[in-house]
Amino acid sequence: MKKNVLLLCAGTLLLFSCTRPPVTNETLPAVQADEQKEGSPGIPATASPFTGTGALPERLLPTGILEVGAEHASIVLLTFTNHSCRYCLEFEEDYIPRLVEDFVKPGKLRLQISILKLRKYPESVLFANALLCAAERGKGFPMHTKLFELSPDRRVILDAAGSLSMDTEQFGACLDAMETAEMLGRQSVLADTLGVEYVPTFFYDGEKAVGLPAYADMRGTIETLLREMR
C-alpha cells in the first residue's frame, strides 16, 4: 500500500477533533481481526441489529475493539472515539450509516471501534465498560449507538441494556468485573502504542488521520484503498 494514500487537500478539507489538534498523517500497523494476545481466546462472531441498516455481524476482539462487518472484508477502518465528544457524535449519526451502506454491508469494509478514555470526560470508563459488556453479548453496535444518547448514570445504562434484551443483573456484574477492566486496559495500551491522543482518530488500514473529514474525502480514501488492492 502506498504510504501517501491519505494525502488530503488542505484547501478543501475541514478536519475537526474534540481538542482541535493539528492534523497528522502517519503510517502505522493495521489492527486486523485475527490479532490475538497470548492467553486471550477469540470471541465468536454474533449478529446484531443496527437501526436503519439491518443485521450486521459483529465481534469483540481480544484487544477490546468492537469490529463490525464481514470478517473477509479487505479494508479495516479503526476508529478511536468517545461517547461525550460532539465530533464523534457527528461521525456516529452522519457518517456510520453511510459507511455501512457504501462499504460494510457490501462486504468491503470492517469498521473497528475503540473508546479512548479522556480525563475531560470522567464518564468514559462507565461508557466504555458498557460497550464491552454489550459486545460480549453480541449487542455492542446497538449499545454503542445508544450510549451517545444516555446520561452517565449506571441505572440509565442498565435500563438501556434491558431494552436490548440483555439480563440487567448479569450486565451489572460485567460492568464491575475485573475482566472488563483488564480489557479496557488493553484498549488503553493499544491507543498508547498507536500514539492516539485525540478523538476522533482514524486508521485506514494503518494510515493514521486525526479529526473528522468531509464524508466525501473519507469515502474517497476507502475507494482508493480498494482500487489499489485489485
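Above this text is the structure in question.
The residue count restarts for each chain, going from 1 along the sequence in the order it is written. For a predicted model such as this one, the threshold for reporting local features is a pLDDT of at least 70, and the threshold for listing and counting side-chain atom pairs is 80 or more; totals across whole chains, interfaces and linings nevertheless cover every residue. Only heavy atoms go into the side-chain values, all of them from the structure, while hydrogens and water stay out.

K.L.:
I'm lost on the pattern of salt bridges in this one. Help?
P.N.:
Pairing of side chains with opposite charge becomes possible as their charged atoms draw close. By convention in these notes, a salt bridge is any Lys or Arg side-chain nitrogen within 4 Å of a carboxyl oxygen on Asp or Glu. Counted under the stated rule, the structure contains six salt bridges. The shortest N-O distance in the salt bridge between Glu67 and Arg59 comes to 2.8 Å. When sorted by exposure, Glu67 lands in the same class as Arg59, which is buried. Each of Arg59, Glu67 and Arg110 takes part in one network of salt bridges that share partners. Relative accessibility decides the category of a residue: with a 1.4 Å probe and only protein chains considered, values under 20% of the type maximum give buried, values over 50% give exposed, and everything between is partly exposed.

K.L.:
When you look at the packing of helix α2 (residues 124-136) against helix α5 (residues 168-176) in this model, what are you seeing that I'm missing?
P.N.:
Each pair of packed helices can be described by the angle between their axes along with the distance between the axes. Interaxial distance between α2 and α5 falls to 9 Å at its minimum, and their mutual angle equals 125°. The angle between α2 and α5 falls in the class oblique. Both α2 and α5 take part in a crossing whose hand is right-handed. Packed against α2, whose contacting residues are Asn129, Ala130, Cys133, Ala134 and Glu136, the element α5 presents Phe171, Cys174 and Leu175 at the interface. Throughout, the ten residues Ala, Val, Leu, Ile, Met, Phe, Trp, Tyr, Cys and Pro are labelled nonpolar, Asp, Glu, Lys and Arg are labelled charged, and all others, Gly among them, are labelled polar. Here the residues of the contact of α2 with α5 are counted per class, giving six nonpolar, one polar and one charged. The axes are straight lines fitted to the C-alpha atoms, using for helices just the contacting stretch, and the angles between their N-to-C directions are given from 0 to 180°. Secondary structure is summarised from DSSP: a helix means a run of H or I of at least four residues, a strand means a run of E of at least two, and numbering begins at the N terminus for each. Oblique is the label for any angle not covered by the other classes, which are roughly parallel (under 35 degrees), roughly antiparallel (over 145) and roughly perpendicular (65 to 115). Helix crossings fall into two classes, left-handed where the near helix is turned counterclockwise from the far one by less than a right angle and right-handed where it is turned clockwise. Contacts: residue pairs with any heavy atoms within 4.5 Å of one another.

K.L.:
Which parts of the structure should I look at to understand the nonpolar core?
P.N.:
A general trend in soluble globular proteins is that nonpolar side chains are found buried together. We call a set of buried residues a nonpolar core when its members are Ala, Val, Leu, Ile, Met, Phe, Trp, Tyr or Cys and they connect through side-chain atoms within 4.5 Å of each other. Membership of the largest hydrophobic core comes to 48 residues, with the highest contact counts inside it found for Leu99, Met143, Phe171 and Met218. Per element, the largest residue contribution to this core is eight residues, and it comes from α2. Other than its neighbours up to four places away in sequence, Phe171 contacts Ala130, Cys133, Ala134, Arg137, Met143, Ile157, Leu158, Ala161 and Met166. Grouped together as the second largest cluster of nonpolar side chains are 17 residues, Ile65, Leu78, Phe80 and Val199 included.

K.L.:
I'm lost on the pairing of strand β8 (residues 207-210) in this one. Help?
P.N.:
For a regular strand, side-chain orientation follows a simple rule: the groups alternate between the two sheet faces. The two faces of β8 match: Glu207 and Ala209 on one face and Lys208 and Val210 on the other face are all buried. The pairing of strand β7 (residues 201-204) with β8 spans four bridges and is antiparallel. Pairing of Phe203 across the sheet is with Lys208, part of β8. Think of it this way: DSSP has to see at least two bridges between two strands before they count as a pair. The loop that links β7 with its antiparallel partner β8 comprises two residues; one of these, Asp205, has a positive phi angle of about 50°.

K.L.:
Looking at this model, I keep getting lost on the pairing of strand β6 (residues 109-115). Mind explaining?
P.N.:
Of all seven residues in β6, seven are buried, a share of seventy percent or more. Because side chains alternate across β6, one face comprises the buried residues Leu109, Leu111, Ile113 and Ile115, and the other comprises Arg110, Gln112 and Ser114, equally buried. Where strand β4 (residues 66-68) meets β6, three bridges bridge the pair, whose relative direction is antiparallel. Of the residues in β6, the one forming a bridge with Glu67 is Gln112. As judged from the seven bridges shared by strand β5 (residues 75-81) and β6, these two strands associate in the parallel manner. Each bridged residue has a counterpart across the sheet, and for Leu77 the counterpart in β6 is Leu111.

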